[in-house]
Amino acid sequence: MSASCEGKIAIVTGGSDGIGLATAKLLASKGAHVVICARRQEKLDQAAAEITNSGGAVESAAIDASDIDQLEAVVRDVAQRHGRLDMMVNNAASTHYAPISKLKFEHWRKDFALNADAAFVAIKTAMEIMTAQGGGSIVNVSSSCGVRAPRNMSSYSASKAALNQLSACAAME
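Note that the structure is a prediction, hence the values are computed from the model and not measured. (Residues numbered from 1 in each chain as written. Predicted model: local features only at pLDDT ≥ 70, side-chain atom pairs only at ≥ 80, totals over all residues. Heavy atoms only, no water.)

Draft legend 1. Molecular detail of unusual backbone geometry. Look at N152: it is not a glycine, yet its phi comes out positive at around 70 degrees. Along the chain, N152 turns up in the loop between β5 (137-140) and α5 (154-172). (Helix = DSSP H or I, 4+ residues; strand = E, 2+ residues; numbered from the N terminus.)

Printed below as a string of structure tokens:
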């Protein structure tokens, strides 16, 4: 990524570690003001310190992104406080491992709630904001499991396949 993100506002769900933190660090290094979201404040504080210590602008929001009311409120709040939302990165994910015969329905729903439902709410909310301001970018982090399912990961794979199709629909719109 060589382009400048100077003056841009970005939200990254699942931004306290892994792919989300790496994405937040990269965006911040390019000049974006990044809002990282995750459930655990301690991990958010550590991630924010890493970004700040590298010279980046960051703030954090301790939320469970599968709580769609919390997620929508954060997206709207960030856009309102900063006057815009330029980038929405849907990275938070949930995975439950079990054969279908032993997978609890509540675990199936948890994977769909975070991997597909939360992404839908964030996309819909971000699209409203970005359309009104004249543009923006939405990135949904999926998995090869959404295309080729491994054993014992039915809920994760099915929810990532749903995210892939949602992403394709959003891109056309």
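Draft legend 2. Highlighting the packing of aromatic side chains. Within this structure, the stated rule accounts for one aromatic pair. Between the aromatic rings of W108 and F112, the centroid separation amounts to 4.9 Å while the plane-to-plane angle is 35 degrees, which identifies the pairing as tilted. Of this pair, W108 and F112 are both found in helix α4 (residues 105-133), four residues apart, which corresponds to roughly one turn of the helix. Exposure remark for W108: the relative accessible area of 27% places this residue in the partly exposed category. (Phe/Tyr/Trp six-rings, centres within 6.5 Å; stacked < 30°, edge-to-face > 60°. Buried < 20%, exposed > 50% of the residue type's maximum accessible area, 1.4 Å probe, protein only.)

Draft legend 3. Highlighting the side chain of N90. For N90, the location among the structural elements is in strand β4 (residues 87-90). Using a relative accessible area of 6% as the deciding quantity, one classes N90 as buried. At 2.8 Å, the side chain of N90 and the side chain of N140 are in polar contact. What N90 contacts, discounting residues up to four positions off in sequence, is T13, A119, A122, I123, I138, V139, N140 and V141. (Polar contact = N/O pair within 3.5 Å; in protein donor to acceptor, adjacent residues only side chain to side chain. Contact = heavy atoms within 4.5 Å.)

Draft legend 4. How the structure looks around the pattern of salt bridges. Applying the stated rule across the entire model yields nine salt bridges. K124 serves as the salt-bridge partner of E128, at 3.3 Å between the closest nitrogen and oxygen. Of this pair, E128 and K124 both sit in helix α4, four residues apart, which is roughly one turn of the helix. One continuous salt-bridge network, built from bridges that share partners, spans E72, R76, K124 and E128. (Salt bridge = Lys/Arg side-chain N within 4 Å of Asp/Glu carboxyl O.)

Draft legend 5. Looking closely at the sheet that holds β5. Pairing in this open sheet of five strands is parallel, and the strands run β3-β2-β1-β4-β5 from one edge to the other. Each of the sheet's edge strands pairs with one partner strand only, and the pair in question is β3 (57-62) and β5. Averaged over neighbouring strand pairs, the angle between their axes works out to 15 degrees when direction is ignored. Sheet strands in contact with helix α2 (residues 41-53) are β2 (33-38) and β3, and its direction is about 175 degrees off that of β3. (Pairing = 2+ DSSP bridges. Axes fitted to C-alpha atoms, helices over the stretch in contact; angles between N-to-C directions.)

Draft legend 6. Local environment of the nonpolar core. I11, C37, L71, V75, L85 and M88 are the most contacted members of the largest nonpolar core, which totals 21 residues. Where this core is concerned, the elements lending two or more residues are β1 (9-13), β2, α3 (68-82) and α4. Take this core: its biggest share by element is six residues, from α4. A24, A32, I36 and V89 belong to the second largest nonpolar core, which has 19 residues in total. (Core = buried A, V, L, I, M, F, W, Y, C linked by side-chain atoms within 4.5 Å.)

Draft legend 7. α4, seen in detail. Given a rise of 1.5 Å per residue, 29 residues ought to cover 42 Å, and the 40 Å separating the end C-alpha atoms of α4 matches this to within 8%. Approximately 40 degrees is the largest bend angle found in α4, and it occurs at A113. (Expected span 1.5 Å × (residues − 1). Bend = angle between axes of the 7 residues up to and from the residue.)

Draft legend 8. Structural detail: the state of the cysteines. By the definition in use, this model includes zero disulfides. A disulfide-free cysteine, C5 has its sulfur positioned 17 Å from the sulfur of C37, the nearest such atom. Judged by its relative accessible area of 6%, C5 is buried. (Disulfide = S-S within 2.5 Å.)

Draft legend 9. How the structure looks around the side chain of S159. For S159, the position within the fold is in helix α5. For S159, the contacting residues outside a window of four places in its chain are D111, F112, N115 and A116.

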